[in-house]
Amino acid sequence: MEWDNLHELLRSLYDDMMPLAGDMAAVAKGLAGLGALFYVALKVWQALSRAEPIDMFPLLRPFALGLCIMFFPTIVLGTINAVLSPVVIGTHQILEDQVLDLNKLQQQKDQLEYEAMVRNPETAYMASDEEFDKKLDELGWSPSDVGTMAGMYMDRQAYKIEKAIKDWFRNLLEILFQAAALVIDTIRTFFLIVLSILGPIAFAISVWDGFQSTLTQWLTRYVSVYLWLPVSDLFSSMLARIQSLILERDIAMLADPTYIPDTSNTVYIIFMIIGIIGYFTIPTVTGWVIQAGGAGNFTRNVNSTAMKAGNIAGAGAGSTVGNIGGKLMNK
C-alpha cells in the first residue's frame with residue numbers, strides 16, 4: 001500500500017467515526033439540561049435577591065449551546081470543517097506541485113549523472129554494461145591483461161556494493177521520513193476523533209456556571225490539531241522546494257562536460273534527517289498559529305523522540321559516509 005493511501009485511510013477513518021458524536025449527544029443533552037436549570041435558577045435568584053431586573057440575554061446561552069449539542073455533527077463540526085477545509089486543500093495543492101517538479105528534476109539529474117559517468121573513460125565501464133563488455137573485448141589474455149580484467153571486476157563489484165549501500169541508506173531515511181509524517185497524521189486523526197466524539201460533552205459541561213472556558217478550550221484545541229496537516233504540507237513543500245533548487249544547481253553543473261558528479265547524495269541525506277526532526281515540531285509551530293493548552297507534555301515528548309531519532313539517523317549517516325570514505329582512501 002502506498003503512503004498516500006495510508007493518509008487517505010486516516011481521512012476515511014475520521015469520516016466513518018463522526019456519527020459517534022451524534023450518539024454522545026443524548027448523554028450531553030441530559031447533562032446540559034441539568035446545567036441549564038441550575039444556571040438559569042442561579043441568575044434569576046441573584047437578580048431577585050438584589051432587587052434588580054432580570055437580564056434575559058445571558059440566559060439565552062444555555063439554549064444556544066443546547067441547539068449546538070442537538071445538531072453537533074452538522075452545526076459545529078460541519079461548520080468548522082467547512083471553514084478549515086480550503087486551507088487543507090490549498091496547502092496540499094502546493095505540496096503536489098512541488099513534489100511533481102522535484103520528481104522531474106530528479107529523473108533529469110539521474111540521467112545526466114549516468115551520461116557523465118559514461119563520458120568519463122575511467123568510470124564508464126562501472127556504470128554501463130556495454131562499456132564494460134567493450135573494454136573487455138579490447139583486452140587480450142596476457143598476464144597484464146588478466147590482471148587488468150580482475151581489477152575491472154573488483155572495481156565494478158565495489159562500485160555496485162557502494163551504490164547498493166547508498167541506495168539502502170537513502171531508502172531507509174525515506175521510510176523514516178514518510179513514517180514521521182504518518183505518525184503526525186495518525187496522532188492528529190486520533191485527537192480529532194476524540195475531540196469530535198466527546199465534543200457534545202465539552203459543550204454540555206460549559207453550560208455549568210464556572211466551566212465556561214471549556215467551550216473556548218475545546219474550540220482552540222480542535223482548530224489547532226486540525227491545522228497540523230496544513231502545516232505539515234507546508235513543511236514538506238519547503239523541503240521539496242529546497243531539494244528542487246539543489247537539483248537545478250546540480251543539473252546546471254552537469255551541463256559542463258568536465259564536471260565530475262558527486263554521487264554520495266550527502267546533501268539529500270542531510271535534508272532527510274532535517275525533515276524527520278522537523279516533522280515532530282509541527283505541533284509546536286501550530287500552537288503559535290492557534291494558542292491551545294493541554295498538549296505541552298505531548299509536545300515535549302515528541303520533540304525528545306525527534307531528537308533521539310535525529311541522533312540515530314545522524315550517527316548512521318556519519319558511519320556510512322565514513323566507511324565509504326575509508327574504502328575510497330584505501331584505493
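Residues numbered from 1 in each chain as written. Predicted model: local features only at pLDDT ≥ 70, side-chain atom pairs only at ≥ 80, totals over all residues. Heavy atoms only, no water.

- With an unreviewed UniProt entry as reference, the chain is termed Conjugative transposon protein TraJ, source organism Epilithonimonas vandammei.

### Here's the deal with the environment of F280
Now for step 1: Inspection of the secondary structure puts F280 in the loop between helix 11 (266-279) and helix 12 (282-289).
Now for step 2: Relative accessible area serves as the criterion here: at 10%, F280 is assigned to the buried category. (Helix = DSSP H or I, 4+ residues; strand = E, 2+ residues; numbered from the N terminus. Buried < 20%, exposed > 50% of the residue type's maximum accessible area, 1.4 Å probe, protein only.)

### Considerations on the packing of helix 2 (residues 19-49) against helix 8 (residues 199-207)
Now for step 1: At a minimum axis separation of 8 Å, helix 2 and helix 8 run at an interaxial angle of 0°. As summarised for this structure, helix 2 and helix 8 are arranged roughly parallel, according to the angle between their axes. Residues A21, M24, A25, V27, A28, L31, A32, G35, A36 and Y39 of helix 2 lie in contact with helix 8, whose contacting residues are P200, I201, A204, I205 and V207.
Now for step 2: Its residues assigned to classes, the contact of helix 2 with helix 8 comprises 14 nonpolar, 1 polar and no charged. (Axes fitted to C-alpha atoms, helices over the stretch in contact; angles between N-to-C directions. Parallel < 35°, antiparallel > 145°, perpendicular 65-115°, else oblique. Contact = heavy atoms within 4.5 Å. Nonpolar A, V, L, I, M, F, W, Y, C, P; charged D, E, K, R; others polar.)

### Details of a negative patch on the surface
Now for step 1: Residues E96, D97, D101 and E248 make up a contiguous surface patch of negative charge.
Now for step 2: Element by element, the count of residues in the negative patch is highest for helix 4 (residues 72-119), at 3 residues. (Patch = residues over 30% accessible without salt bridge, like charges linked within 9 Å, V, L, I, M, F, W, Y side chains within 5 Å. Areas by Shrake-Rupley, 256 points an atom, 1.4 Å probe, with all protein chains shown as cover. Salt bridge = Lys/Arg side-chain N within 4 Å of Asp/Glu carboxyl O. Lys, Arg positive; Asp, Glu negative; His and termini not counted. Charge placed at Lys NZ, Arg CZ, Asp CG, Glu CD.)

### With respect to the confidence of the model for the chain
Now for step 1: Residues with a pLDDT of 70 or more make up 73% of the chain, whose mean pLDDT is 75.
Now for step 2: Counting contacts from residues 294-299, a segment whose pLDDT is below 50, to residues more than four positions away or on other chains yields 7 contacts.
Now for step 3: Note that residues 309-331 has pLDDT below 50 and, in this model, 18 contacts with residues that lie over four places away or in other chains. (pLDDT = per-residue confidence, 0-100.)

### Some points on a nonpolar patch on the surface
Now for step 1: There is a patch of nonpolar side chains on the surface, built from W45, L48, I54 and M56 and spanning about 460 Å² of accessible area.
Now for step 2: Along the chain, the position of M56 falls in the loop between helix 2 and helix 3 (61-70).
Now for step 3: For M56, a relative accessible area of 52% puts it in the exposed group.

### Describing the UniProt feature "transmembrane region" (unreviewed entry) in the chain
Now for step 1: According to UniProt, the positions carrying the feature "transmembrane region" (unreviewed entry) are residues 20-42, 63-84, 190-211, 223-247 and 267-290.
Now for step 2: Taken end to end, residues 63-84 is 95% helix and 0% strand, and its first and last C-alpha atoms sit 26 Å apart.
Now for step 3: Within the segment residues 267-290, helix and strand shares are 88% and 0% respectively, and the terminal C-alpha atoms sit 34 Å apart. (UniProt positions renumbered as here; feature names shortened; annotations may be inferred.)

### A word on the pattern of salt bridges
Now for step 1: Overall, the coordinates contain 2 salt bridges when judged by the stated rule.
Now for step 2: Among the salt bridges present, the one from D185 reaches R188, with a minimum N-O distance of 3.8 Å. Here R188 and D185 lie together in helix 7 (residues 143-197), a separation of 3 residues that amounts to about one turn.
Now for step 3: For D185, a relative accessible area of 3% translates into the label buried.
Now for step 4: Using a relative accessible area of 6% as the deciding quantity, one classes R188 as buried.
Now for step 5: Connected through salt bridges with shared partners, the residues R11, D185 and R188 form a single ionic network.

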